[in-house]
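An overview of the molecular structure
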Amino acid sequence: MAVLLDGNALAKEIREEVRRDTEHLVSTRGVQPGLNLLLVGDNPASDVYVRNKARDCEKVGIRSTIVRLPADAQQDEVLSIVRAWNADDDVHGILVQLPLPPHIDEQRVIRTISPTKDVDGFHPDNAGRLLIGLPGFLPCTPAGVLEIFKRHAIETSGKHAVVIGRSNIVGKPLAALLAQKRPQGNATVTLCHTGTRDLAAHCQRADIIIAAVGVTHLIRAEHVKDGAVVIDVGMNRLVADDGTSRLTGDVDFDAVVGKASAITPVPGGVGPMTRAMLLMNTLLAARGGPEA
Ligand code: GUN
């Protein structure tokens, strides 16, 4: 039976570390870390995410401010809020919740966030730094996955990791990090996506499978080699006939748990780790950045 990689337990551990370090930063330097969050529109899922992030901040002593704009807000309005936050020394981290309404150029907004306050790690400066191995903000989900490997002493060096999904937020950065010569790296990486032929053949050769595609139960028993480590980044909402909904992953957990050596559940695996890493990044920003 697989070891359950309990993201809730690890995230709690990390929050406690961030709380302690935040307290220290306040008492020694008089700096209270601050995260400003911008939500445009009324996407209910985004609203929940943003509120959860602010609540997480509160738990560890990080100040947070949520600003909400209507769905028809103009791009210039968004950009001027971001610029004002860039110039505000009390704001250490800036998070613009995605997706933005279609009339707003998401990449333009991301590029306007100061790279030194980009706690999501989405700015091209940080994405480029990640790729060439310079210090920078790591996007929270890839950082959370590496933290799971670190804290469970899961060896990646010399292993074959198959990453499924090529998003800018998860798949691409995670594949780059795993391939790098660094702790929780040095793996041989295969990046699979919708253009991949015979996904199962790639997965069967994997020591580590990371599914980040958003397709419910794409990964089944036949994809998994005995003893593989399986990380499920999927967050798919399944709505039943009676209108109730539940969260499912990209991995058919019940089918795979008997073959894997370790596996993350959904919910309670990667999700809480992503939230915890946002707190870590905000603390890092308040201390002077990833290079300090
Ligand atoms: N939307 C979905 N995930 C994320 C995230 O990690 N950061 C932001 N800003 N928006 C998101």
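For the structure itself, consult the block above.
The sections below set out a description of the structure shown in this document. (Residues numbered from 1 in each chain as written. Predicted model: local features only at pLDDT ≥ 70, side-chain atom pairs only at ≥ 80, totals over all residues. Heavy atoms only, no water.)

**Topic: the packing of helix H6 (residues 140-151) against helix H7 (residues 171-179)**
As a reminder of what qualifies: Throughout, an axis means a line fitted to C-alpha atoms (over the contacting stretch in the case of helices), and angles, computed between N-to-C directions, take values from 0 to 180 degrees. For helices the rule is a DSSP run of H or I covering at least 4 residues; for strands it is a run of E covering at least 2, with both sets numbered from the N terminus onward. Small angles under 35 degrees read as roughly parallel and large ones over 145 as roughly antiparallel, with 65 to 115 read as roughly perpendicular and the rest as oblique. Two helices that cross are described as forming a left-handed crossing if the nearer one is turned anticlockwise from the farther one by less than a right angle, and a right-handed crossing if clockwise. The criterion used for residue contact is that any of the two residues' heavy atoms lie within 4.5 Å. When residues are sorted by character, Ala, Val, Leu, Ile, Met, Phe, Trp, Tyr, Cys and Pro go into the nonpolar class, Asp, Glu, Lys and Arg into the charged class, and all the rest, Gly among them, into the polar class.
Contact geometry of H6 with H7 gives a least axis separation of 9 Å together with a crossing angle of 40°. Of the possible angle classes, the one that applies to H6 and H7 is oblique. H7 is crossed by H6, and the crossing has right-handed handedness. Here Pro-142, Val-145, Leu-146 and Phe-149 of H6 come into contact with H7, specifically with Pro-173, Leu-174, Leu-177 and Leu-178. Residue composition of the contact of H6 with H7, grouped by class: eight nonpolar, no polar and no charged.

**Considering the site of the ligand**
Stated precisely, the cut-off is as follows: Neighbouring residues are identified by heavy atoms, a residue being near a molecule or strand if any of them is within 4 Å of it. What qualifies as a polar contact is a pair of N or O atoms within 3.5 Å, subject to a donor-acceptor requirement within protein and to the restriction that residues adjacent in sequence count only when both atoms come from side chains. Note on areas: Shrake-Rupley, 1.4 Å probe, and residue coverage restricted to the protein chains presented here.
Within the structure, the ligand sits among Lys-53, Leu-95, Val-96, Gln-97, Leu-98, Asp-120 and Phe-122. At 3.2 Å from a nitrogen atom of the ligand is found a side-chain nitrogen or oxygen belonging to Gln-97. Leu-98 has a polar backbone atom sitting 2.8 Å from a nitrogen atom of the ligand. For the ligand, the accessible surface in isolation is 270 Å², of which the surrounding protein chains cover 77%. Residue composition of the shell around the ligand, grouped by class: four nonpolar, one polar and two charged.

**With respect to unusual backbone geometry**
Keep this limit in mind: Three exposure classes are used, based on accessible area relative to the maximum for each residue type with a 1.4 Å probe and protein chains only: buried under 20%, partly exposed in between, and exposed over 50%.
Across the junction of Leu-98 and Pro-99, the peptide omega takes the value 0°, indicating a cis bond. Assignment of secondary structure puts Pro-99 in the loop between strand S4 (93-96) and helix H4 (106-112). A positive phi angle, near 55°, is found at Asp-198, a position not held by glycine. You can see Asp-198 is positioned in the loop between strand S6 (188-192) and helix H8 (199-204). Judged by relative accessible area, Asp-198 falls into the exposed class, the value being 52%.

**Focus: the sheet that holds S4**
The strands that make up a sheet pair up through hydrogen bonds in the backbone, lying either parallel or antiparallel. We count it as follows: By this definition, two strands are paired if DSSP reports at least two bridges between them.
The parallel open sheet is built from three strands, whose spatial order is S3-S2-S4. Among the strands making up the open sheet, the edge pair consists of strand S3 (63-69) and S4. Strand-to-strand, the axes of this sheet are offset by a mean angle of 15°, without reference to chain direction. Pairing geometry for strand S2 (residues 34-40) and S4, over four bridges, is parallel. The residue bridging Asn-36 from the neighbouring strand is Ile-94, located in S4. Its contacts with the sheet put helix H3 (residues 75-86) on S2, S3 and S4, and the angle it makes with S2 is roughly 180°.

**Brief notes about the pairing of strand S10 (residues 245-248)**
Sheet topology note: the strand S9 (residues 236-239)/S10 ladder contains four bridges and is antiparallel. In the sheet register, Val-239 faces S10, and the bridge partner there is Ser-245. Between S9 and S10, which pair antiparallel one after the other, the connecting turn spans five residues, and Gly-243 there sits at a positive phi close to 90°.

**Side note on the pairing of S2**
Working note: regular strand, side chains alternate between the two faces of the sheet. Note the threshold: Whether a crossover is right-handed comes down to one check: with the strands pointing away from the viewer, does the path from the first strand over the helix to the second run clockwise; if it does, it is right-handed.
Summarising burial for S2: seven of the seven residues are buried, a large majority. Judged by which residues are buried, S2 turns out to be covered on both faces: Gly-34, Asn-36, Leu-38 and Val-40 on one side and Leu-35, Leu-37 and Leu-39 on the other are all buried. The sheet contact formed by S2 and S3 spans seven bridges and is parallel. Bridging from a neighbouring strand, Leu-35 pairs with Ser-64 of S3. For the handedness criterion, the β-α-β arrangement of S2, helix H2 (residues 44-60) and S3 is classed as right-handed.

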